[in-house]
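# Report on the structure
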Amino acid sequence: MVTDLLTRIHRLRLADDVLAGGDLAGPALRELDAAVALHRTGDFSEQVGRALLAAISELAQVVGWIASDAGLDQRAEEIYRLGVSAAREAGDRTSAANLVGSLAYHRTNVGALETGLELAVAAIEEGGRRAPPRAEALFWDRVAWAYAKTEQASAAIQALGRASEALSRHGGEEDPAYLYWVDEGELQIMEARVHVELRRPLRAVPLLTEVLGRYDSTHTRELALYLSWLSVALADANEPEEAAHTARRVLELSADMPSGRTARRSQVVLARLRPFHDVPEVRDVIDGYGCRVREPVHDAQGWER
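Thresholds, definitions, all that
- What you see as residue numbers is a count from 1 along each chain, following the sequence as written.
- Owing to the predicted nature of the model, reporting of local features is limited to residues with pLDDT of at least 70; listing and counting of side-chain atom pairs is limited to 80 or more, with chain, interface and lining totals taken over all residues.
- The basis for every side-chain value is the complete set of heavy atoms in the structure, and neither hydrogens nor water enter the calculation.
- Under the scheme used here, helices are H or I runs from DSSP no shorter than 4 residues and strands are E runs no shorter than 2 residues, and both carry numbers assigned from the N terminus.
- The classification of residues rests on relative accessible area computed with a 1.4 Å probe and restricted to protein chains. Under 20% of the type maximum is buried, over 50% is exposed, and intermediate values are partly exposed.
- Each accessible area is a Shrake-Rupley estimate made with a 1.4 Å probe; only the visible protein chains count as cover when residues are assessed.
- Given a helix with a known number of residues, its expected span is that number minus one, times 1.5 Å.
- Contacts were defined at the residue level, with two residues in contact if any of their heavy atoms lie within 4.5 Å.
- Here, the term nonpolar core denotes a set of buried Ala, Val, Leu, Ile, Met, Phe, Trp, Tyr and Cys residues that are joined through side-chain atoms within 4.5 Å.

### Focus on the overall build of the protein chain
- In terms of helices and strands, the protein chain carries 14 helices and zero strands.
- Its helices and strands taken in sequence order, the protein chain reads α-α-α-α-α-α-α-α-α-α-α-α-α-α from the N to the C terminus.
- In the protein chain, buried positions account for 55% of the 305 residues.
- Accessible area of the protein chain: about 14200 Å², with a carbon and sulfur share of 48%.

Now the structure itself:
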């Protein structure tokens, strides 16, 4: 049963690559509830119990991410904390650190910037010196993001360097399955996002343009998110026509997507364009989409209302 659960967890991760949180929240929350109930009521050896706890911690990470994307912010935080407890009880420091880092990223993105930074740094300490290189790179990326959001430019750039150095030590060894997506391209995306937050468009635009030129278009949510940062960077570079063209793509991709992340980024993009309202291309985008953007609202079970 634990082996089957691990298989379903990875399928859920892959589904999250192409579906938004609102599409997955209901089934994902049911899967987590069933796994927790199994641990509470099942009859198994100590070894199997530890394996089940480790699986629950992995499941909590992806379900927390999905819940956050569905706009279930408080539920996501509760899930991440449950996962941290399960990972620590299982003795899996890397998974615990990944969940602390995920909670840090979540807190940062909902505006709790100081708490997010504290948790991001705590994830590095939780992982310890034996964390796999790709895990360490991911942890430092989250630190970089937290520093960027708190406008600590030097610390953010240093953290990006630590992430790159950690990834360079990855020699193809087998890592936990949840690290499958951490590669140079993802670090490049975070580097570009950090530069956008720090208002350094001349560095951000070339990076984002390069990444988007090879990005898998089936990952619609991530494509919309990365285009949103490009649009903001173009506006910061005083290129409102290009910013508006990119913003239109963001808004078209996000229009029917049940994702809190894309909804929030769409609002950010429109707000950044408003100072250029006199530019015809910008005015067309704002007038055409300004009243359509909303965040999805869900019930406690994850279903959109």
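### A word on helix α12 (residues 240–254)
- Over its 15 residues, α12 runs 20 Å from end to end, which matches the ideal 21 Å to within 8%, given 1.5 Å per residue.
- Listing the buried residues of α12 in full gives Pro240, Ala243, Ala244, Thr246, Ala247, Val250, Leu251 and Ser254.
- Looking at the buried residues of α12, the elements they touch are α11 (220–236), α13 (260–273) and α14 (280–289).

### Focus: the nonpolar core
- By size, the foremost hydrophobic cluster in this structure holds 103 residues, and its most contacted members are Leu12, Leu59, Val63, Ile66, Val194, Leu273 and Val285.
- For this core, the element with the highest residue contribution is helix α3 (residues 46–69), accounting for 12 residues.
- Not counting residues within four places of it along the chain, the set of residues in contact with Val194 comprises Ala144, Trp145, Ala148, Ala156, Ile157 and Leu160.

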